[in-house]
Amino acid sequence: MRYSLFSLAGNALTGHRRWQRAWRDPAPKTEYDVVIVGAGGHGLATAYYLAKNHGITDIAVLEKGWLGGGNTGRNTTVVRSNYLWDDSAHLYEHSLKLWESLSQELNFNVMFSQRGVVFLAQTRHELREMNRRVGALRLNGIDSEMLTVEQLKRAVPILDCDPGRRYPILGGMVQRRGGTARHDAVAWGFARAADARGVDIIQNCAVTGIRRDGNRAIGVETTRGYIAAKKIGVVAAGHAGTIMAMAGLRLPIESYPLQALVSEPIKPVLDTVIMSGQVHVYVSQSDKGELVIGASRDNYNSYAQRGSLPIVEEQLAALVELFPIVSRLRMLRQWAGIVERPLRQLRLGHRRLQGDAGLGLGLRRHHRERPAAQAQRSLFARPFQRRPPDRRERRGGGGSLIHEDR
C-alpha cells in the first residue's frame, strides 16, 4: 500500500483497522543469495539498493535484536557533507543528495530537517582552518559559508558570545543544507521499502558463527538455525570486528563507546545544529523539545551501550559554557553507541578470506601502495583511488595538524 492523503482518508473511514503491516515477519529460509548481518540503517539500505538498483531480491537481513535497535537507535541524527578532503566531501555530498529525496523515494517520512549545521570557531587556529575548509568545499561545489560573531548572535540568540569567556567565539561556518533526521523513521522506511521488494527481514536472529569452505564463506550459524548464502555482508557497526572474527579474520579496527544524552522537553530555543570542537559538544533540539547532546568517544575499548558519569559531566560542562540558559535543565536518559577506530590507514578493495584484514578492507601503509591497476578490479574501490593532487595540494595545503574528522 502506498502512503498518501487518499490512503489516510480511506483508512480513517474504517477506523484505521485495514492498514497493512509495514513489513513482514518471515521465518528464515535455508538459503539466500545474500545474507546481510545487521538490520540498522546501513544494513537495510544495503538490502534496499541491492534490490532496487541491481535486481537482487533473494536477501535476508539478520538482526540479533529488534530492527534499528543498535547504533541506528543510538545516534544523534546529524546529516552533513562539510568535510575537508575531496574523497570524503564527494562521498558525503552524494549521501546528502540522497537524503534530500529519501522520503519521497521510500514513501515514508524520515523527518529530514535541513535546519543547518553550524561549527563554532573558538581559537584563531580553528578560524583559519574553517576558512580553508569553506574554500575547499566551494571548490568541490558544496555549499558552505563563514559566519561572523554578529551573524551567530542573530541566528542563535541563546549562544553565549561574551568575548570574556574562557574560549570566546570568534566566528563559525555553516552548511545550510545539513540538518537532522529521525533515526527510527529511517530504519522503518528502508525496512518497508526493502520488504516491498521481497527482502526478508529476520529479527531476533543473532549470528553465532560463519561457516567456511576453505577461503570461502558459505553461510552463517544463527540462533534460528544455519542459513546458507552465496554472499555475506557484515553491516554491524562497532560489532563488525566480532562478526568477522567468526570467519577467522581480524579487522584492523578497535571499538569504543560513543555517548549521548537527551534533556527534558523545553520550548523551542534552538533551530539549528551547533558543534564545538574546542569544548567538544554538539547539540540540536528534537521535534519533542528535547536537547540531543553528543560529544567525544570513551578512551577505552568496550561494547557497553550505556553512558558513564565522567563523559556526561564533560558534555554538560561544555554545553553550559556555550548555553548558560540550560544550566538548570534536567537530563532524561543517556546511552552509548559503538563506533570503530582504524588501527592503521585503510584501503578499500578485494581481500581473500585469510589472514589479518577483512572482506572489502585491506591495509595500506603510507609508503607501500599496491598498483592502481589492481584497484581497478574493484568497483567499490574505484571512487577512492588516488588521483593527481588537486590545486590546493600542489600549493602545499594538503596537511593539517588538528585532530578532527575530515
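Residues numbered from 1 in each chain as written. Predicted model: local features only at pLDDT ≥ 70, side-chain atom pairs only at ≥ 80, totals over all residues. Heavy atoms only, no water.

## As for the side chain of Ser-103
Tracing the sequence through the fold places Ser-103 in helix H4 (residues 102–106). The exposure class assigned to Ser-103 is buried, which follows from its relative accessible area of 18%. (Helix = DSSP H or I, 4+ residues; strand = E, 2+ residues; numbered from the N terminus. Buried < 20%, exposed > 50% of the residue type's maximum accessible area, 1.4 Å probe, protein only.)

## Points about helix H5 (residues 124–139)
When the terminal C-alpha atoms of H5 are compared, their 23 Å separation across 16 residues agrees well with the 22 Å that a helix rising 1.5 Å per residue should span. Looking one or two residues beyond H5, the residue adopting positive phi is Gly-141, at roughly 75°. (Expected span 1.5 Å × (residues − 1).)

## Remarks on the pattern of salt bridges
In total, this model carries 19 salt bridges according to the counting rule given. Across the pair Arg-24 and Asp-195 runs a salt bridge, and its minimum N-O distance is 3.0 Å. Of this pair, Arg-24 sits in the loop between helix H1 (5–12) and strand E1 (31–37) while Asp-195 is found in helix H7 (residues 183–196), placing the two residues 171 residues apart along the sequence. For the salt bridge of Arg-330 with Glu-264, the shortest nitrogen-to-oxygen distance reads 3.1 Å. With a gap of 66 residues between them, Arg-330 in the loop between helix H9 (309–322) and strand E16 (331–342) and Glu-264 in the loop between strand E12 (253–263) and strand E13 (273–276) connect regions that are remote in the sequence. With relative accessibility at 58%, the residue Arg-330 sits in the exposed group. A cluster of three or more residues bridged by salt bridges with shared partners is formed by Glu-93, Glu-100, Asp-143 and Arg-177. (Salt bridge = Lys/Arg side-chain N within 4 Å of Asp/Glu carboxyl O.)

## Focus: the layout of surface pockets
One way to see where empty space is left: roll a probe the size of a water molecule over the atoms. The space that makes up the second largest pocket amounts to roughly 440 Å³. Lining the second largest pocket are 21 residues, and of these Thr-77, Arg-182, His-183, Ser-286 and Val-292 lie nearest its centre. Contributions of two or more residues to the lining of the second largest pocket are made by H7, strand E14 (281–285) and E16. When grouped by side-chain class, the residues that make up the lining of the second largest pocket number five nonpolar, nine polar and seven charged. (1 Å grid on protein atoms, 1.4 Å probe; cavity = no way out; pocket = protein on both sides within 12 Å on 5 of 7 lines; lining within 4 Å. Points joined across faces, edges and corners; volume = space filled by probe spheres on them. Nonpolar A, V, L, I, M, F, W, Y, C, P; charged D, E, K, R; others polar.)

## Description of the sheet that holds strand E10 (residues 216–222)
Spatially, E8-E2-E1-E11-E10-E9 is the arrangement adopted by the six strands of the open sheet, whose pairing is mixed. Every interior strand has two partners, whereas the edge strands, strand E8 (200–202) and strand E9 (207–213), have only one. Looking at each pair of strands side by side, their axes are set apart by 40° on average, direction ignored. Alignment of E10 against strand E11 (residues 225–234), held across four bridges, turns out to be antiparallel. Bridge pairing in E11 places Thr-222 opposite Gly-225. (Pairing = 2+ DSSP bridges. Axes fitted to C-alpha atoms, helices over the stretch in contact; angles between N-to-C directions.)

## Some remarks on the sheet that holds E12
Read across the sheet, eight strands follow the order E5-E6-E4-E13-E14-E15-E12-E16 without closing on themselves; strand pairing throughout is mixed. Strands at the two margins of the open sheet, each flanked by one partner only, are strand E5 (145–147) and E16. With direction set aside, neighbouring strand axes in the sheet form an average angle of 25°. Bridge count for E12 against E16 is 11 bridges, and the pairing is antiparallel. Paired with Ser-263 across the bridge in E16 is Met-331.

## Looking at the nonpolar core
The nonpolar side chains of a soluble globular protein tend to be buried with one another. With 32 residues, the main nonpolar core has Leu-44, Ile-59, Val-61, Trp-99, Leu-106, Phe-190 and Val-199 as its most contacted residues. Looking at this core, the elements that each hand over two or more residues are E1, helix H2 (41–54), strand E2 (59–62), helix H3 (86–100), H4 and H7. Non-local contacts of Leu-106, meaning those with residues more than four positions away in its chain, are made with Tyr-48, Gly-189, Phe-190, Arg-192 and Ala-193. Membership of the second largest hydrophobic core comes to 25 residues, among which are Leu-147, Ile-293, Ala-318 and Val-326. (Core = buried A, V, L, I, M, F, W, Y, C linked by side-chain atoms within 4.5 Å. Contact = heavy atoms within 4.5 Å.)

## Things to note about the confidence of the model for the protein
Predicted coordinates in regions of low pLDDT should not be interpreted in detail. Across the protein, the average pLDDT comes to 85, with 84% of residues at or above 70. Low pLDDT, under 50, characterises residues 391–404; the predicted model gives this stretch 20 contacts beyond four residues in sequence or across chains. (pLDDT = per-residue confidence, 0-100.)

## Some remarks on the pairing of strand E6 (residues 171–175)
A large share of E6 lies buried, amounting to five of its five residues. Of the two faces of E6, the one holding Gly-171, Met-173 and Gln-175 and the one holding Gly-172 and Val-174 are both buried throughout. Pairing analysis gives five bridges linking strand E4 (residues 117–121) to E6, with the strands arranged antiparallel. Residue pairing for E6: Val-118 is matched across the bridge by Val-174. Bridge count between E5 and E6: three bridges; the pairing is antiparallel. For Glu-145, the partnering residue across the bridge sits in E6 and is Val-174.

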